[in-house]
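# Survey of secondary and tertiary structure
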Amino acid sequence: HPALKNQKVREAIALTINREDLVKMIIANGSEALGGLVTNGLAKNTETKEDFRKASGSYLDYDAKKAKALWTEAQKELGSSTAEIELVTDDDETSKKVSQFIQSSIEAELEGIKVKIRNVPFKNRIELGDTGQFGLLLSGWGADSNDPDAFLNLFLSDSVFNGGKYKNQEYDKLVIAATGEDSSDPNKKWADDLAAEKLLMQDVGIVPLYQKADSMLLKSKVKDYIQYQIGSPNLKYVSIQED
């Protein structure tokens, strides 16, 4: 969408979404609001043990006043006071509820912007996302390794997953260094990854929403069951304590 090429429009949209309300009132399954691309609990600094999410901070937090001010400035730059943007999402119940929340949040705070929701089957959403056929796209990702680059790699200029065509040469340089020449130096790699995520968030290449949670039942006599964020459960230390 032409309007989304304007950074102020993207930021204004991001700032209308109250992530805490989204996870508590709409999703309500234990999912957590997420202030960046890289998930909480995925990677830690090898020296300080600080979690990446904490070290990077929270970006694009809800701020309706600033959102309206940015939209006012953007309208002048665009030469238009209106925009109709399509939001493509999956057609499952959670995606429908989340998309409606996003729609109402944007339209309530940014007068002149209309959001048209397009709920499609998962397979179609993947195709539309990969080929860039969307204005806004609601999607998710799961890491396959305990490394920030499992997420950051998605938004390299030549990534097949970069359907929004985000492009920043400095971002590419940082991510490539983190996975290449700096990969053997934990401190340099850590700095590269933090700087890369900061750039992506400042550019509003994506709008982070939430970190998905899965609920499960576990009998009280099962002890030391460990479920990591990625991979299979660790059953090495599991024991059964009979009453």
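Here's what I pulled together on the structure shown here. (Residues numbered from 1 in each chain as written. Predicted model: local features only at pLDDT ≥ 70, side-chain atom pairs only at ≥ 80, totals over all residues. Heavy atoms only, no water.)

### Thoughts on helix H8 (residues 169-179)
Heads up, the condition is: Residue exposure (1.4 Å probe, protein chains only): buried if accessible area is under 20% of the type maximum, exposed if over 50%, otherwise partly exposed. Note on conventions: DSSP H or I runs of at least 4 residues are helices, E runs of at least 2 residues are strands, and numbering of each starts at the N terminus. Any two residues whose heavy atoms approach within 4.5 Å are treated as being in contact. By the criterion applied in these results, polar contacts are pairs of N or O atoms within 3.5 Å in which, for protein atoms, one can donate a hydrogen and the other can accept it, and in which residues neighboring in sequence qualify only through two side-chain atoms.
Among the residues of H8, Tyr171, Asp172, Leu174, Val175, Ala177 and Ala178 are the ones counted as buried. In this fold, the buried residues of H8 make contact with helix H7 (149-152) and helix H9 (186-203). Taking the backbone nitrogen of Glu170 as reference, a side-chain oxygen 2.9 Å away marks Asn168 as the first, capping residue of H8.

### A few points about the nonpolar core
Our working rule: Nonpolar core, defined: a set of buried Ala, Val, Leu, Ile, Met, Phe, Trp, Tyr and Cys residues in which side-chain atoms within 4.5 Å join the residues together.
Counting residues in each nonpolar core, the largest one holds 54 residues, and the members touching the most others are Ile102, Ile106, Leu110, Ile113, Phe155, Tyr171 and Leu200. Discounting chain neighbours no more than four positions away, the residues touching Ile102 are Ile17, Leu87, Leu138 and Leu209.

### Brief notes about the environment of Glu197
Mapped onto the elements of the fold, Glu197 is located in helix H9. Looking at Glu197, the relative accessible area reads 0%, which means it is buried. Not counting residues up to four positions away in its chain, the partners in contact with Glu197 are Gly36, Leu37, Val38, Phe52, Arg53, Ser56, Tyr59 and Leu152. One polar contact links the side chain of Glu197 to the main-chain amide nitrogen of Val38, over a distance of 3.0 Å.

### Comments concerning the side chain of Ser105
Within the element layout of this structure, Ser105 appears in helix H5 (residues 93-109). With sequence-adjacent residues up to four places away left out, Ser105 is seen in contact with Thr16 and Ile17.

### Examining the pattern of salt bridges
As a reminder of what qualifies: Just to be clear on terms, a salt bridge is a Lys or Arg side-chain nitrogen sitting within 4 Å of an Asp or Glu carboxyl oxygen.
This model, assessed by the stated rule, comprises 15 salt bridges. When the shortest N-O distance is used, the salt bridge between Glu11 and Lys66 registers 3.3 Å. Taken as a pair, Glu11 in helix H1 (residues 7-15) and Lys66 in helix H4 (residues 64-78) lie far apart in primary sequence, 55 residues in all. Take Glu11: its relative accessible area is 14%, and that puts it in the buried class. The class for Lys66 is partly exposed, based on a relative accessible area of 40%. A salt bridge links Glu197 to Arg53, with the shortest nitrogen-to-oxygen separation between them at 2.8 Å. Note that Glu197 is positioned in helix H9 and Arg53 in helix H3 (residues 52-56), a separation of 144 residues in sequence.

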